[in-house]
Amino acid sequence: MKIAFYDTKDYDRIYFEKLAPQYGFELKFFETRFIPGTETLATGCDAVCLFVNDIINRETIEKLADIGIKVILMRCAGYDNIDLKACKDFGISVFRVPSYSPTAVAEYAAALLLTLNRKIHKAYVRTKEFNFKISGLMGITLRGKTIGIIGTGKIGKVMIDIVKGLGMNILAYDLFPDPNLDVNYVSLDELLKKSDVISLHVPLSPDSKYIINKNSISKMKDGVILINTSRGALIDTEALIAGLKANKFRGVALDVYEEEDEYFFEDRSLDIIKDEDLIKLVTYPNVIVTSHQAFFTEESLQAIAETTCENLKCFEEGGTCENEIAYTE
Ligand code: NAI
C-alpha cells in the first residue's frame, strides 16, 4: 500500500519512516496541508494520511475518489473536520487514532493551568533579562478551589486524577456521565456557576460547538480560569474576547483556536497576521495561546504511527477495525 502523507513535519517522518517498512507500506511525504487543489499529489497512492486542520470536505473527497484513494488515515483523535457522509458516498473508508495518549493532553492542560495561574511564562521572560521583581506575578492557591471538567472521557478522566492530586474540588459535566467514575456530576449551569477553573475535554460536534458562549460566560464566576485543550470552536471567540475586555477572566489558556488552521503548526513570525481576534488573544496579558501541542510527546507520536499503520493493515486484510469511523445519520 502506498500512503500520501500530507502536512508532513520532521517529527512525523521520523516515527512513520521507522515503522512503515515493517508493514510493507510505501510513504510519499508532502509538506502542504491537504486543501482543495492538493488532492492530485496523491495520484498513484491507495491511502492519504491527514491531520487536524486539513480540509476534508465533499469537494476534496470526490477528487480523492477520482484518483483511486480508498482510505483516509487520520493521525489524530478528533474527526470534526471530515465530511463522513461524503466519504461513505464515494466509498472511502476513514480511520483514526482514538487514544494515543490521553495522559499527554491532560498533563498539558494541567501544565497550562499551573503556568497561567502562577505566571511562570512571565517570570521566565523577566529573569532572562535579569528582572527579578515578582510584583504582578501573584497567583492563587489551587488546593481547595473548584475545577469544572467538561467532558469526562479518556482525557477528562486523567485530568480529574491530576487535579485530585492538587487537592482541588471537582465538578464534572458530560452528556453521558460515567457511573464508575468517582466524581460529582452536576448540570452544565451548576458547573459554570461554581467553578474557579473550567477545563474543556469534549469533542467538537454540533452539540458542543460554542458550548462556551456569551450566555455561558455570563454564568461563570468573576475571575474564572478557562483552559481549552480540546477544539477551538468549543468557544465563541467573539464572546471570549468580550469577556476578556470586561475583565471576567483571571486567565485563559488556549491550545486550540477556532481559526487555527491558517496559523498553527507554522512559523508565521515574519508575516503580517490578518486574524484580528488571534492578535487580540495573543496580546492580552492574561491569555496564553499555544499551537495545538497538547498531544506532542515522544510516546504520543510513537503511538500515532503504530496505530495508523495497524489501521491500514486492518483495512488491507479486510477485517473489522474498531478505529474505523462509520457515518451515522
Ligand atoms: P472521549 O471520546 O474519550 O471523551 C469525550 C467525552 O465528551 C465523552 O465522555 C462524551 O460523552 C463527552 N461529550 C461529547 N459531547 C458532549 C457534549 N456536547 N457535552 C458534554 N459532554 C460531551 O475523547 P477524549 O479522548 O477524551 O478527547 C477529547 C477531545 O480532546 C477530542 O475530541 C479532541 O478534540 C481533543 N484532543 C486535543 C488534542 C490536542 O493536542 N490539543 C489531542 C487529542 C485530543
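Focus on the overall build of the chain
Helices and strands together make up the secondary structure of the chain, namely 11 helices and 12 strands. Over its C-alpha atoms the chain spans a radius of gyration of 21 Å, differing by no more than 12% from the 20 Å that the globule rule assigns to 329 residues. Judged by the C-alpha coordinates and their principal axes, the chain covers about 60 × 50 × 35 Å. Counting every position in the chain, which comprises 329 residues, the buried fraction comes to 50%.

Looking at the site of the ligand
What surrounds the ligand is a group of 23 residues, the closest being Tyr100, Lys154, Ile155, Asp174 and Thr229. Taking Lys154, its side chain carries an N or O atom lying 2.8 Å from an oxygen atom of the ligand. Take Phe295: an N or O atom from its main chain is 3.1 Å from an oxygen atom of the ligand. Here the ligand loses 86% of its free accessible area of 860 Å² to cover by the protein chains.

Quick word on the sheet that holds strand S12 (residues 287–289)
Strand order in the open sheet formed by 7 strands is S8-S7-S6-S9-S10-S11-S12, and the pairing between neighbours is parallel. The two strands at the open ends of the sheet, each matched to only one other strand, are strand S8 (184–185) and S12. Inspection of the sheet shows strand S9 (residues 197–200) paired to strand S10 (residues 224–228) by 4 bridges, in the parallel sense. When the bridges of S10 are listed, Val197 appears paired with Ile225. Packing of helix H6 (residues 154–165) onto the sheet brings it into contact with strand S6 (146–150), strand S7 (169–173) and S9, and relative to S6 it is tilted by some 170 degrees. Taken strand by strand, helix H9 (residues 237–245) contacts S10, strand S11 (249–254) and S12, and its axis lies near 145 degrees from that of S11.

Thresholds applied
- Residues numbered from 1 in each chain as written.
- Predicted model: local features only at pLDDT ≥ 70, side-chain atom pairs only at ≥ 80, totals over all residues.
- Heavy atoms only, no water.
- Helix = DSSP H or I, 4+ residues; strand = E, 2+ residues; numbered from the N terminus.
- Rg over C-alpha atoms; globule rule 2.2 N^0.38 Å.
- Buried < 20%, exposed > 50% of the residue type's maximum accessible area, 1.4 Å probe, protein only.
- Near = heavy atom within 4 Å.
- Polar contact = N/O pair within 3.5 Å; in protein donor to acceptor, adjacent residues only side chain to side chain.
- Areas by Shrake-Rupley, 256 points an atom, 1.4 Å probe, with all protein chains shown as cover.
- Pairing = 2+ DSSP bridges.
- Contact = heavy atoms within 4.5 Å.
- Axes fitted to C-alpha atoms, helices over the stretch in contact; angles between N-to-C directions.

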